[in-house]
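Structural description and commentary
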Amino acid sequence: MELAGSGKSDGARMGIKMSQELVVVAISVILFIVFSATLNNFLSQGNIIAILKNVSILGTLAVGMGFIVVGRGIDLTMVAVMVVGVAFSIWISTWGVDFTLAVVCGALLAAAIGLFTGIMVAIAEIPPIFATLAIASSVYGSGRIVFASDVLYAPSNIAWLKFIGSGTILGIPMVVVIFGAVAALMGFFLRKTRFGRLVYATGDNPNAARTTGLPTRPIIVTQYVLSALIAFTAGIIMLGLVTGIDTRLYNSSLIYDVLLVVVLGGIGLSGGQGGVRNVIVGTILVGILTNGMTILNFSYTSQNLIKSVILLGALAIDAIINPRDEQTSQSGDI
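All figures in this text were calculated on a predicted structure; none of them were measured in a lab. (Residues numbered from 1 in each chain as written. Predicted model: local features only at pLDDT ≥ 70, side-chain atom pairs only at ≥ 80, totals over all residues. Heavy atoms only, no water.)

Right, let's get into the pattern of salt bridges. Any two side chains of opposite charge can pair, on the condition that their charged atoms come close. Tallied over the full model, the rule gives five salt bridges. When the shortest N-O distance is used, the salt bridge between E125 and R217 registers 3.0 Å. Here E125, found in the loop between α4 (99-122) and α5 (128-147), pairs with R217, found in helix α10 (residues 216-242); they are 92 residues apart in sequence, far enough to count as distant. Residue class for E125 comes out exposed when judged on its relative accessible area of 52%. Notably, a salt bridge pairs R144 with D150, separated by 2.6 Å at the nearest N-O pair. The exposure class of R144 is partly exposed, given its relative accessible area of 31%. Connected through shared salt-bridge partners, R144, D150, D246 and R248 make up one network. (Salt bridge = Lys/Arg side-chain N within 4 Å of Asp/Glu carboxyl O. Helix = DSSP H or I, 4+ residues; strand = E, 2+ residues; numbered from the N terminus. Buried < 20%, exposed > 50% of the residue type's maximum accessible area, 1.4 Å probe, protein only.)

Laid out in structure tokens, this is it:
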């Protein structure tokens, strides 16, 4: 089957994607070997565990972003939803609300934001990059006004939260188990369910999907709701690790790191291809690279510069491999 405007067959594109994955895996292995041989304590148990814990947050966010990108969208609200949703949970717990119930309320808030975002994209037909950018800023600004504090801390006596942050299952940190569970569920959801197949069809050719009667708008709305809930899950992982949430994280480069993982891993921005495996591949590479630069005492600005250059190169390669057709460009879809 020939994809509209692509000029490449499905088989050819699949081959290119596989080659890209292998290149990313090879680079990850090379970086790991070089850092192991040249950096003190890189192979220490503490550092390996630190890498795993750090990539759990990044990887969980990237699973949600990858899910959106497969459907030819983008979600720049994820970090805002993460910090505001978790901060809201902590905030209402200070009123005497049971913390577990407060977390449920935070998840409902995240889902409501995702629902609103999905409606703006699917029904109001605002291009995803503009809709999510505006909503992210609005959500974060509203949160800062309500909470009036940069950092909020969870109660210290929550057993299940402590277990998330420091517990293990068969020696594997619980945060890694949660990331693995989210990735596995999303992989199953995308590849083994009818809804997942509809997401791929919508991302591959939105106009054809509408013409054939597929419920593209409900699909898009559901995607953004699930993305928001995954972002909230990443926030709970962070809360378990550091016992608090810093809302200023919204102003960091985290959302760009998430995009870097997705694009490096091989999920094309043209939609309709890629999956969780690509997210895992990209997460490993970015995790190793970031940890190595941190040990080398690269400044925060230098790290962002390096990752930005890599992201730009990855976007250029993606544009070559998956060129957007004229009709897609005119529609404003990402």
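This next bit is on the side chain of S270. With respect to the helices and strands, S270 occurs in the loop between α11 (254-265) and α12 (276-295). Exposure remark for S270: the relative accessible area of 9% places this residue in the buried category. A polar contact of 3.2 Å, which involves the side chain of S270, links it to the side chain of Q273. (Polar contact = N/O pair within 3.5 Å; in protein donor to acceptor, adjacent residues only side chain to side chain.)

Turning next to the nonpolar core. Counting 85 residues, the largest nonpolar core has L61, V63, M65, M82, F99, L239 and I245 as its most contacted members. Counting residues per element, this core draws most heavily on helix α2 (residues 45-70), at 11 residues. The residues contacting L61, other than those within four sequence positions of it, are M78, M82, A231, A234, L254 and V258. The next biggest cluster of nonpolar side chains, apart from the first, holds seven residues, and it includes I68, V121, A122 and I220. (Core = buried A, V, L, I, M, F, W, Y, C linked by side-chain atoms within 4.5 Å. Contact = heavy atoms within 4.5 Å.)

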